[in-house]
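Survey of secondary and tertiary structure
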Amino acid sequence: MPILNRAAELQDEVAEWRRHIHARPELLFAVENTAAFVAEKLKEFGVDEIVTGIGRTGVVGLIKGKGEGRRTVGLRADMDALPLTEISGKPWASKTPGKMHACGHDGHTAMLLGAAKYLAETRNFNGNIAVIFQPAEEGGGGGNLMVKDGMMERFGIEEVYGMHNLPGLPVGQFATRKGAIMAATDEFTVTIKGRGGHAAQPHRTIDPIAIGAQIVANLQMIASRTADPISSVVVSVTKFNAGFAHNVIPNDATFAGTVRTLDPEVRTLAETRFRQIVEGVATAHGAEAEISFHRNYPVTVNHPDETEHAVATASAIAGEGNVNAEIDPMMGGEDFSYMLNARPGAFIFIGNGDSAGLHNPAYDFNDEAIAHGISYWVRLAEQRLGL
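Being a predicted model, the structure only gives us computed values, none of them experimental. (Residues numbered from 1 in each chain as written. Predicted model: local features only at pLDDT ≥ 70, side-chain atom pairs only at ≥ 80, totals over all residues. Heavy atoms only, no water.)

1. Section: the packing of helix H9 (residues 304–318) against helix H11 (residues 370–384)
In the contact formed by H9 and H11, the axes pass within 9 Å of each other and the chain directions differ by 125°. When the interaxial angle is binned, H9 and H11 end up oblique. Helix-helix and strand crossings are classified by hand; for H9 and H11 the assignment is right-handed. Along its contact with H9, which presents His-309, Ala-310, Ala-312, Thr-313, Ala-314 and Ile-317, the element H11 presents Ser-375, Tyr-376, Arg-379, Leu-380, Gln-383 and Arg-384. (Axes fitted to C-alpha atoms, helices over the stretch in contact; angles between N-to-C directions. Helix = DSSP H or I, 4+ residues; strand = E, 2+ residues; numbered from the N terminus. Parallel < 35°, antiparallel > 145°, perpendicular 65-115°, else oblique. Left-handed = near helix turned anticlockwise from the far one by under 90°. Contact = heavy atoms within 4.5 Å.)

Here you go:
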């Protein structure tokens with residue numbers, strides 16, 4: 001079954017919503033204007049119940065179908081932007097320097113709004129659809145807060161589904177997989193406390209830069225010599241700050257970064273080994289190490305049955321040859337993971353075509369994907385809550 005005629009008819013209107021949101025990016029939980037725009041549209045569509053302020057600034061709309069069914073399926077989109085200055089040159093580019101929709105959340109929100117309009121018009125399902133608009137996916141854990149606010153229980157959500165655009169995947173195609181699809185995203189900051197002194201007399205110092213550099217190199221042993229070679233683990237040091245003069249060895253050095261894993265046991269192993277390496281190398285050289293290791297988003301794990309439903313729906317729209325049901329896991333993170341920990345469901349990628357990559361200042365969501373995304377949401381809702 002190809003894209004829905006009504007979805008194609010809605011594409012231009014939904015693209016205008018998308019461009020409106022794109023030009024007015026907001027970060028993390030401070031998405032008040034975007035949330036207000038979403039709530040106003042849901043009211044305009046005749047959505048039965050609209051609740052704001054879930055997870056601080058999240059919005060949930062409940063659409064009741066035909067029949068007496070009480071099951072509720074959740075469909076989720078994210079609303080927040082990134083702290084980047086846009087260079088796309090598009091007429092609808094960000095009006096706020098230092099903020100832009102560089103991950104396509106404007107497109108995700110617009111597509112789900114388009115689906116909500118369609119579903120509120122037709123109501124060809126037996127039960128309820130909860131359209132979930134989430135803040136703070138980009139590092140704030142808004143999905144976690146919405147779950148903690150009791151969203152699943154309040155709306156009786158039994159299954160939950162998410163969708164994200166993917167540059168490089170042709171428009172009209174989809175990709176997903178059962179099991180782990182995106183990584184846990186732990187973060188660390190380490191301060192090496194040594195003893196500063198003259199750069200010409202290093203023997204009288206405990207050099208935190210040399211010690212820190214040795215630690216950074218040794219941390220790569222976690223992937224190459226600690227974890228099973230078949231397991232996925234990434235340790236990336238992304239910041240290293242120390243010193244203030246050419247001829248002075250400083251007292252301390254600080255570095256920070258991230259650890260990415262796809263398995264809970266490997267996640268624990270990586271953290272344990274990380275601490276051992278940092279503390280061991282620092283102690284061996286007479287320094288002290290202060291470690292802050294924060295467990296951030298968990299692994300995003302698709303549930304088997306729900307993934308099959310997602311694949312079947314995508315295949316009905318795009319054709320089986322345009323759905324990759326065994327995409328390789330990605331080491332990026334996604335806080336939809338919290339919702340999948342709370343309820344069974346699945347996360348799927350939709351093609352964004354030959355665009356700039358995610359989190360790139362030249363990125364823009366491809367409006368040609370809109371009708372495909374609306375069709376997926378509508379068909380998934382109707383499939384899971386058939387009349």
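2. Let's talk about the UniProt feature "domain: Peptidase M20 dimerisation" (unreviewed entry) in the protein chain
Here the UniProt-annotated "domain: Peptidase M20 dimerisation" (unreviewed entry) positions come out as residues 188–279. The span residues 188–279 is 37% helix and 33% strand, and its two end C-alpha atoms sit 14 Å from each other. (UniProt positions renumbered as here; feature names shortened; annotations may be inferred.)

3. Observations regarding the sheet that holds strand E5 (residues 157–166)
If you trace the 8 strands from one edge of the open sheet to the other, you get E1-E2-E4-E3-E5-E16-E6-E15, paired in mixed fashion. Where the open sheet ends on each side, the last strands, each with one partner, are strand E1 (49–54) and strand E15 (323–324). Note that strand E6 (residues 174–175) and strand E16 (residues 345–351) share 2 bridges and pair antiparallel. Note that in E16 the partner of Ala-175 across the bridge is Phe-349. Relative to strand E3 (residues 72–78), helix H3 (residues 105–122) is tilted by about 145°, and along the sheet it contacts strand E2 (58–64), E3, strand E4 (128–134), E5 and E16. On the sheet, H9 packs against E5, E6, E15 and E16 and is oriented at approximately 30° with respect to E16. (Pairing = 2+ DSSP bridges.)

4. Overview of the nonpolar core
Counting residues in hydrophobic clusters, the biggest one holds 57 residues, and the most contacted among them are Leu-42, Ile-129, Phe-133, Phe-174, Tyr-376 and Trp-377. It is H3 that contributes the most residues to this core, 9 residues altogether. For Phe-174, the contacting residues outside a window of four places in its chain are Met-163, Leu-169, Ala-314, Ala-318, Asn-322, Val-323, Asn-324, Ile-348, Phe-349, Ile-350, His-372 and Tyr-376. Core analysis: the second largest hydrophobic core is formed by 24 residues, Met-151, Ile-157, Leu-166 and Ala-175 among them. (Core = buried A, V, L, I, M, F, W, Y, C linked by side-chain atoms within 4.5 Å. Buried < 20%, exposed > 50% of the residue type's maximum accessible area, 1.4 Å probe, protein only.)

5. Focus on helix H2 (residues 32–45)
Each α-helix turn comprises 3.6 residues. Residues three or four places apart therefore point the same way. The terminal C-alpha atoms of H2, which comprises 14 residues, lie 20 Å apart, in line with the 20 Å expected from a rise of 1.5 Å per residue. Burial in H2 covers these residues: Thr-34, Ala-35, Phe-37, Val-38, Ala-39, Lys-41, Leu-42 and Phe-45. Next to the buried residues of H2 lie helix H1 (5–23), E1, E2, H3 and E4. Backbone geometry just after H2 places Gly-46 at a positive phi near 85°. (Expected span 1.5 Å × (residues − 1).)

6. Some details on H3
The end-to-end C-alpha separation of H3 is 26 Å, in line with the 26 Å expected for 18 residues at 1.5 Å each. For H3, the buried fraction is high: 16 of the 18 residues fall into the buried class. In the segment just after H3, Arg-123 is the residue with positive phi, at about 55°.

7. Brief notes about the sheet that holds strand E13 (residues 288–294)
A sheet is described by the order of its strands in space; here 4 strands give the open sequence E10-E12-E8-E13, paired in antiparallel fashion. Two strands close off the open sheet at either side, each with one partner strand: strand E10 (233–242) and E13. On average, each strand axis in the sheet is tilted by 20° relative to the strand beside it, whichever way the strands run. Direction of pairing for E10 relative to strand E12 (residues 252–261): antiparallel, over a ladder of 9 bridges. Following the sheet pairing, Val-237 is matched in E12 by Gly-257. Those strands touched by helix H6 (residues 208–219) are strand E8 (184–193), E10 and E12, and its axis lies near 170° from that of E10. In the packing of helix H8 (residues 264–284) onto the sheet, the strands contacted are E8, E10, E12 and E13, and the crossing angle to E13 comes to about 165°.

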